[in-house]
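Fold and contact review
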Amino acid sequence: MKLYEIAHSRTGDKGNISNISLIAYDPTDFELLRERVTASRVREFFSSLGVTEVRRYELPQLGALNFVLHNALAGGVTSATTLDKHGKTLGSFLLEMEI
Amino acid sequence: MSDSLRIGSGAGYAGDRLEPALELMERGRLDFIGFECLAERTIALAQRERDRDPKAGYNPMLAYRMEHLLPLARKHGIGVLTNMGAANPAGAAAKTAGIATKQGLRGMRIAAVTGDDVLEQVRNRPGLKILETGMALESLGSRIVSANAYLGVAPLLEALRHKADVIITGRVADPALFLAPIMHAFGWDISDYQRLGRGTLVGHLLECAAQVSGGYFADPGRKDVPELWRVGFPFAEVYPDGNGFISKLEGTGGQVSTATVTEQLLYEIHDPAAYLTPDCTADFSGVHLHSEKTDEVAFSGAGGSPPTDTYKVSVGYRNGYLGEGQISYGGANCLDRARLAGEVVRRWLEPVAGSIADLRIDLIGYDSLGPSAGNRSPAPREVRLRVAGRSEDPEVARRIANEVEALYTNGPAGGGGASKRVEELISVASVLLPKSEVAHTVKYMET
């Protein structure tokens, strides 16, 4: 199963840091997200971008996880030469993760 | 003291649409509306414009917006707060006052907040460290073009006490545009951090406008949003304890649901228990959302603690030039032709490779976004080559863009739709400056 089937996501940025939320449609799926989508798995998933550190924050009452990815944006929105300088598309890639 | 306050959101970025804001002002029974129009780099670019023309440097859509919204602000008694002043709040206020006068709107008070420009303080204070890299700010030397502190609610509260109808700022913390009128209406103390945290939540939810009311949310078949083409901008109804609900006007498109609000709640906040602002350290980790009515979501449970004793300062600096060229390939074997084209450009750029940083050769439609997919993606029907790189030398940046265009006659078969651009890069570094080094000023213009 892909995350896309049970969760949605939005991505924002600050400097060279990407902030990706992962939100269960059905609150009862939150435990599954918490168990399977660990910080280290997310770091591995985005490792080709150069991500060095991922911190995960849990908001069980909202059925949501919040991931903070350091060095994810090739220098950040104001200096990167990438097409998507903000990394706005990253959350939709995360939803393709198999769990 | 009022029983509740209704505050709307009129813009979520510099170039946002105006029609939904005007509809909200016309029908929303608003007390205040905030227009958040300043991204991280916008003010540095605006400062460059002001250096060229002392009258410029504010949001290019200011006049257009003010011409349409001032009559509505007057008609319905709505206070307007905006950071559209960018690098020139006083110039923006003068322009706004001129528009009001021309429209015959007499007795309007326009406030201009300055003091966020801390370029002198930053230059005179050695030892500041760049937060992103840990390097000394001095290492940027003469490349620095601007430095702006994220001010808090204090100057906005001052302007509200002086009964300003329109308040125009440069850099202030985005939520402050909404927090300040809430504090003013309910008489909250500046050290009532619990309530300030709640008001910060309101500001955070509203500051990106449609992003909480169905914009940036739709995913057909999975997250369907009604009538996205006429998405309504949001408003919050706030109670004296700082809790309240988010909604939008009946008859507009979009959607306000716990899902849309949760996405915006977590947007760019990093640690939900410690969202740093100049006015408080907001705690969103215990926020509860609850919806019993269509397009209405109640929020409660935010908190706060004292802020730090520093302001965050965005320092803009010249960072060379970006050169970018693109060309498309379609139909039979397009992927291999585009790859060959990329290789040809890479070889052409070899003589100047030493003066190019972060050269990227991407295939749009195939591998330009996200983590690398390996070889799993199927061959696309069309693909667009994009070559981009940074250089201190504008001629090298121009060469990157030109070499892609030259693929027309020198590259693989069938390239089409080439485009090229070169732009000076103004990058942003962040530093922390003691609050004691920063003083704000509020000036008023009457019509």
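Residues numbered from 1 in each chain as written. Chains lettered and ligands numbered in written order. Predicted model: local features only at pLDDT ≥ 70, side-chain atom pairs only at ≥ 80, totals over all residues. Heavy atoms only, no water.

This paragraph deals with the overall build of chain A. Helix and strand counts for chain A stand at three helices and four strands. Of the regular secondary structure in chain A, the N- to C-terminal order runs β-β-α-α-β-β-α. For chain A, whose C-alpha radius of gyration is 13 Å, the value lies close to the compact-globule estimate of 13 Å for 99 residues. Referenced to the eigenvectors of the C-alpha coordinate spread, the extents of chain A come out at roughly 40 × 25 × 20 Å. For chain A, buried positions account for 55% of its 99 residues. Partitioning the contacts of chain A with sequence separation of at least 6, the portion at a separation of at least 24 is 57%. Total accessible area computed for chain A in this model is approximately 3,900 Å², and 49% of it derives from carbon and sulfur atoms. Charged side chains in chain A number 11 positive and 12 negative. The centres of these two groups are separated by 6 Å. (Helix = DSSP H or I, 4+ residues; strand = E, 2+ residues; numbered from the N terminus. Rg over C-alpha atoms; globule rule 2.2 N^0.38 Å. Buried < 20%, exposed > 50% of the residue type's maximum accessible area, 1.4 Å probe, protein only. Contact = heavy atoms within 4.5 Å. Areas by Shrake-Rupley, 256 points an atom, 1.4 Å probe, with all protein chains shown as cover. Lys, Arg positive; Asp, Glu negative; His and termini not counted. Charge placed at Lys NZ, Arg CZ, Asp CG, Glu CD.)

A few words now on the sheet that holds strand 3 (residues 53-59) of chain A. Hydrogen bonds between backbone groups are what pair the strands of a sheet, and the pairing can be parallel or antiparallel. All names here are of chain A. What the four strands build is an open sheet, ordered 1-2-4-3; its pairing is antiparallel. If you trace the sheet from one side to the other, it starts and ends with strand 1 (7-14) and strand 3, each paired once. Each neighbouring strand pair of the sheet contributes to a mean axis angle of 20°, computed without reference to strand direction. (Pairing = 2+ DSSP bridges. Axes fitted to C-alpha atoms, helices over the stretch in contact; angles between N-to-C directions.)

It is worth spelling out the domain arrangement of chain B at this point. Residues and elements named next belong to chain B. One can read the domain layout of chain B as domain 1 (5-116 + 151-308) and domain 2 (319-427). A C-alpha centroid distance of 39 Å is found between domain 1 and domain 2. Opposite the four residues of domain 1 that make contact, domain 2 presents four residues. Note on domain 1 versus domain 2: buried area summed over both sides is about 340 Å², and carbon and sulfur give 50% of it. Counting the contacts that link domain 1 with domain 2 gives one salt bridge. Glu424 is paired through a salt bridge with Arg48; the nearest N and O atoms lie 2.6 Å apart. (Domains from an automatic or database assignment. Buried area = accessible area lost by both parts, 1.4 Å probe. Salt bridge = Lys/Arg side-chain N within 4 Å of Asp/Glu carboxyl O.)

Residue and element names in this part refer to chain B. Look at Tyr216: it is not a glycine, yet its phi comes out positive at around 60°. Along the chain, Tyr216 turns up in the loop between helix 8 (193-206) and strand 7 (234-238). You can call Tyr216 partly exposed: its relative accessible area is 45%. One non-glycine residue, Glu268, lies in the positive phi region at around 60°. The buried category is assigned to Glu268, whose relative accessible area is 16%.

Okay, the sheet that holds strand 10 (residues 281-283) of chain B next. Residues and elements named next belong to chain B. Ordered by their spatial adjacency, three strands build an open sheet running 9-10-13, and the pairing between neighbours is antiparallel. Since the sheet does not close on itself, it has two edges, and those belong to strand 9 (275-276) and strand 13 (303-305), each with one partner. Inspection of the sheet shows strand 9 paired to strand 10 by two bridges, in the antiparallel sense. Note on strand 10: the bridge partner recorded for Leu276 is Thr281. Against the sheet, helix 8 engages strand 9, strand 10 and strand 13, with an angle of about 120° to strand 13.

Residues and elements named next belong to chain B. Tallying each qualifying case throughout the model produces zero disulfides over all chains. Cysteine Cys208 is unpaired, with the sulfur of Cys37 as its nearest cysteine sulfur at 11 Å. Judged by its relative accessible area of 13%, Cys208 falls in the buried class. (Disulfide = S-S within 2.5 Å.)

Our next topic: the nonpolar core. Residues and elements named next belong to chain B. Grouped together as the largest cluster of nonpolar side chains are 72 residues, with contacts concentrated most on Leu137, Ile167, Phe284 and Val313. The element that contributes the greatest number of residues to this core is helix 7 (residues 176-186), accounting for nine residues. Non-local contacts of Val313, meaning those with residues more than four positions away in its chain, are made with Val118, Val122, Ala147, Asn148, Ala149, Ala429, Ser430, Val431 and Leu433. (Core = buried A, V, L, I, M, F, W, Y, C linked by side-chain atoms within 4.5 Å.)

Moving on to the pattern of salt bridges. All names here are of chain B. This model, assessed by the stated rule, comprises 31 salt bridges over all chains. Arg421 is the salt-bridge partner of Glu423, the closest N and O atoms lying 2.4 Å from each other. Several salt bridges share partner residues, and in doing so they unite Glu324, Arg360, Asp362, Arg386, Arg421 and Glu423 into one network.

Our focus in this paragraph is the pairing of strand 4 (residues 64-70) of chain A. As a general feature of sheets, a regular strand has side chains that alternate between the two faces. Residue and element names in this part refer to chain A. In terms of residue burial, strand 4 counts as a mostly covered element, since six of its seven residues are buried. Bridge analysis of strand 2 (residues 17-24) against strand 4 gives seven bridges, and the strand direction is antiparallel. Residue Ser21 lies in a different strand from strand 4, and its bridge partner there is Asn66. Hairpin connection from strand 3 to strand 4: four residues lie between these consecutive antiparallel strands, with Gly63 at a positive phi of about 65°.

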